[in-house]
Amino acid sequence: ECRAIYTKAVILSPDLNNVVLSEKIGWEFSYYTKICKLLNDMNIEVACIKARSEDHFSKGGVAPEILNIGDKEIPVLYGYSSFTDALDMADFAIGPISTAFVEAHLSGKDYYMFDSDEHHMFSNSLSKGLYEFAYVSTTIEQLKENIKNKNIFKKKYTIDNFIDLTDINSEEELYKNYEQ
């Protein structure tokens, strides 16, 4: 269930493995800048940026605790265990297609998937079936509309469609559900 009013958001770092090496730095800065501007225009505060590890932003072995984006100082959290801490700071999260989508919803928080590099169109590692269940924004305009209209799941779907373990008797059956 979507919250009635959003006031704070967590931004998850994109998966940089999907971006051409020569474009990484500019592309990632653009990713944060566009999302932060969008949220600012919607009167939503960025509670923090969440990265998987300190290596994500590390320069010379030093990972920043704050990122300056526009006129804002945004805290940065690192590590898998801090995801729930990040969610506790906000009403919802925005990030790439990942298991964080399921984790956020199981924690009672909305999660908007934003895949602006369109890597998914060329990847066999991402199930195409996901797009039948959930909205995935590929532009900042789509992200705005999805947040404004609280478009997370399509049709009658909920997080239960992603984690339904009814009648699952083996690991093979579990994976088969995700492939469909």
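Quick notes on the rules
Residues numbered from 1 in each chain as written. Predicted model: local features only at pLDDT ≥ 70, side-chain atom pairs only at ≥ 80, totals over all residues. Heavy atoms only, no water. Helix = DSSP H or I, 4+ residues; strand = E, 2+ residues; numbered from the N terminus. Buried < 20%, exposed > 50% of the residue type's maximum accessible area, 1.4 Å probe, protein only. Areas by Shrake-Rupley, 256 points an atom, 1.4 Å probe, with all protein chains shown as cover. Pairing = 2+ DSSP bridges. Phe/Tyr/Trp six-rings, centres within 6.5 Å; stacked < 30°, edge-to-face > 60°. Salt bridge = Lys/Arg side-chain N within 4 Å of Asp/Glu carboxyl O.

**Some details on the overall build of the protein chain**
Line of reasoning, step 1. Scanning the protein chain for helices and strands turns up 7 helices and 7 strands.
Line of reasoning, step 2. Starting at the N terminus and walking to the C terminus, you meet the elements of the protein chain as β-α-β-β-β-α-β-α-β-α-β-α-α-α.
Line of reasoning, step 3. The buried share of the protein chain, taken over its 180 residues, is 42%.
Line of reasoning, step 4. Here the protein chain has roughly 10,800 Å² of accessible surface; of this, 50% comes from carbon and sulfur atoms.

**Remarks on the pairing of strand E2 (residues 45-51)**
Line of reasoning, step 1. Most of E2 sits inside the fold, with 6 of its 7 residues counted as buried.
Line of reasoning, step 2. Strand direction decides the pairing type here: strand E1 (residues 8-12) and E2, joined by 5 bridges, are parallel. Across the sheet, Leu12 pairs through a bridge with Lys50, a residue of E2.
Line of reasoning, step 3. Pairing of E2 with strand E4 (residues 72-78) involves 3 bridges; the strand directions are parallel. By the bridge assignment, Ala51 is partnered in E4 with Tyr78.

**What to know about the side chain of Asp110**
Line of reasoning, step 1. Along the chain, the position of Asp110 falls in strand E6 (residues 110-114).
Line of reasoning, step 2. Judged by its relative accessible area of 2%, Asp110 falls in the buried class.

**Things to note about the sheet that holds strand E3 (residues 66-69)**
Line of reasoning, step 1. Taken in spatial order, the 7 strands of this open sheet run E3-E4-E2-E1-E5-E6-E7, and their pairing is mixed. At either margin of the open sheet sits one strand with a lone partner, and together these are E3 and strand E7 (136-137).
Line of reasoning, step 2. Pairing between E6 and E7: 2 bridges, direction parallel. From the neighbouring strand, Met113 faces E7, where its bridge partner is Val136.

**Comments concerning the packing of aromatic side chains**
Line of reasoning, step 1. On inspection of all chains with the given rule, the structure shows 8 aromatic pairs.
Line of reasoning, step 2. The interplanar angle of 90° and the centroid separation of 6.0 Å between the aromatic rings of Tyr6 and Tyr112 together place this pair among those described as edge-to-face. In this pair, Tyr6 is assigned in the segment before E1 and Tyr112 in strand E6, connecting sequence segments 106 residues apart. Tyr112 shares its class with Tyr6; the two are buried.
Line of reasoning, step 3. Measuring from centroid to centroid gives 5.9 Å for Phe101 and Tyr111, while their planes differ by 80°, and the two rings are edge-to-face. One end of the pair, Phe101, is in helix H3 (residues 100-106); the other, Tyr111, is in strand E6, and 10 residues separate them in sequence. Each of the two residues, Phe101 as well as Tyr111, counts as buried.

**A word on the environment of Thr84**
Line of reasoning, step 1. Following the sequence through the fold, Thr84 ends up in helix H2 (residues 83-88).
Line of reasoning, step 2. Given a relative accessible area of 43%, Thr84 falls into the partly exposed group.
Line of reasoning, step 3. Residues Thr84 and Lys109 lie 25 residues apart in sequence; the distance between their C-alpha atoms is 10.0 Å.

**Some thoughts on the pattern of salt bridges**
Line of reasoning, step 1. Summed over the entire model, instances satisfying the criterion amount to 2 salt bridges.
Line of reasoning, step 2. Ionic pairing is found between Lys37 and Asp41, a salt bridge with its closest N-O pair at 2.8 Å. Highlighted residues: Lys37 and Asp41, both in helix H1 (residues 24-41), separated by 4 residues, approximately one helical turn.
Line of reasoning, step 3. Owing to a relative accessible area of 53%, Lys37 belongs among the exposed residues under this scheme.

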